[in-house]
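# Chains, contacts and geometry: an overview
In case you want the letters, here they are:
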Amino acid sequence: MSERRLDTETQTCVCALCPNMCRFLCPVAAADKVETVTPRGKATLVLALERGRVPWGPEAAEVAYRCAGCRVCREWCPSDVDLPEMLDGLRVRAAREGLAPEPVRLLAERVVEGRSLHRPASELAGRMARYREMLSPEARVLYFAGCSTAALYPEVVAATLRLFEAAGTPVTMLGGEECCGLPLDVLGWKDAAAGFARRLAEAVKERGIETVVSGCPMCTYMMKERFGALGADLEAEVRHVAEFFAERLDDGSLRPAAASGREPAAVTYHDPCYLGRYQGVYDAPRRLLAEAAGLVPVEMERSRELGACCGGASSTASAFAGTANLMASRRLEEAARTGARVLVTACPHCLEMLRPAAADAARGGLEVLDLAEALAAGLGVLPGRTEGGVRVG
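Calculation notes
Residues numbered from 1 in each chain as written. Predicted model: local features only at pLDDT ≥ 70, side-chain atom pairs only at ≥ 80, totals over all residues. Heavy atoms only, no water. Salt bridge = Lys/Arg side-chain N within 4 Å of Asp/Glu carboxyl O. Helix = DSSP H or I, 4+ residues; strand = E, 2+ residues; numbered from the N terminus. Buried < 20%, exposed > 50% of the residue type's maximum accessible area, 1.4 Å probe, protein only. Pairing = 2+ DSSP bridges. Right-handed = clockwise from strand over helix to strand, strands pointing away.

### Thoughts on the pattern of salt bridges
Counted under the stated rule, the structure contains 30 salt bridges. Residue E243 pairs with K224 through a salt bridge whose shortest N-O separation is 2.9 Å. In this pair, E243 is assigned in helix α14 (residues 241–250) and K224 in helix α13 (residues 217–226), connecting sequence segments 19 residues apart. Classification of K224 by relative accessible area gives partly exposed; the value is 29%. A salt bridge links E247 to R248, with the shortest nitrogen-to-oxygen separation between them at 3.9 Å. Classification of E247 by relative accessible area gives partly exposed; the value is 29%. In this structure R248 comes out as buried when scored by relative accessible area, which is 16%. Within this structure, E237, R239, E247, R248 and D251 form a network of salt bridges that share partners.

### Some details on the pairing of strand β2 (residues 211–214)
Of the two faces of β2, both are covered, the one formed by T211 and V213 as well as the one formed by V212 and S214. Pairing geometry for β2 and strand β3 (residues 237–240), over four bridges, is parallel. Bridge pairing links T211 to E237 in β3. Tracing the backbone out of β2, into α13 and back to the parallel element β3 gives a crossover that is right-handed.

### As for the sheet that holds strand β6 (residues 342–345)
The parallel open sheet is built from four strands, whose spatial order is β5-β4-β6-β7. Looking at strand neighbours, the two that pair on one side only are β5 (296–297) and β7 (367–370), the edges of this open sheet. With four bridges joining them, β6 and β7 adopt parallel strand pairing. Residue pairing across strands places L343 opposite V368, the latter belonging to β7.

### Notes on the pairing of strand β4 (residues 266–269)
Relative to β5, β4 is paired through two bridges, and the arrangement is parallel. Its bridge partner lying in β5, V267 is registered against P297. Following the chain from β4 across helix α15 (residues 283–292) to the adjacent parallel β5, one finds a crossover that is right-handed. By the bridge criterion, three bridges tie β4 to β6 in an arrangement that is parallel. Counted as the bridge partner of Y269 is V344 from β6.

Below, the structure is given as structure tokens:
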């Protein structure tokens, strides 16, 4: 990729005049089968709006949200055009002028009011209290589960805390899992997102935290890359669960699973967009599955930099559920073709899309697990599961 970035107008011109091969990778275009939502279609809209050739209104604003922000088009693009960045200004304008699709607006309002994506943060604080005995209040490592994991996947929280124990790492939590602000940031509510970012950064500083670890790649991307841009000074180091425990594997703190004598179970891994293309973390989760948990990762047809998005982006899942569900179904079909019984990912938003899609028995009964669950099961520290993360009983 070129280090020199083109200005927005030049990017839109380059994209609009391109042969548009990236359209075959775009998961939204594949699901909707409409030229308008292909990467070139959206870039053409941006250019036409800038030149005053099409009117700005609800229809144009809707197209701006028909992008999952997965960045797979950028991986293919020889000119390094960043379509999500080009659309970001339109989303800010739509949010400011009340033109965002109603489901997007309602989602933003819910996050602002409840300080969480799914359930009020005050309710999540009570849920997190059950883990008090597994925490060390004075620890300098903070486990930030994230509001989605805390609300929807307590089993992932428990598995992750078991991994900290297995690695001999004292860890603490904030108590209430307020949103990091990323959904607001990507949907166009920048000022609100900045408020969430500053509040979280201040909470981390007050506790004297040196390292923040989260299993949500949207949270880790937000803290690593967006806090500074939004005026939030986060002094702590930030690591995704995959990065942190791969480092513990390297320094010997996390010991690999003992050989069982049985044939290792095959699993396939889905790269979350925000962990892979946004943060470049591809090897760590695969190493943990193979070297620590003793599993055999089997790659899907599209993986790593070109891995397909499952539809878990805030804009797609909230405003265009049909599109998002079709994206998830397509990804599950690809996973099933590997022959693996278990699909592992490392993002609560991917779990939110892939688990319901996997409930369809026609897809071979794939079980969908978070990386922490699969790793804890492989290490034998997660009650009720065995090697490969397959549930007992």
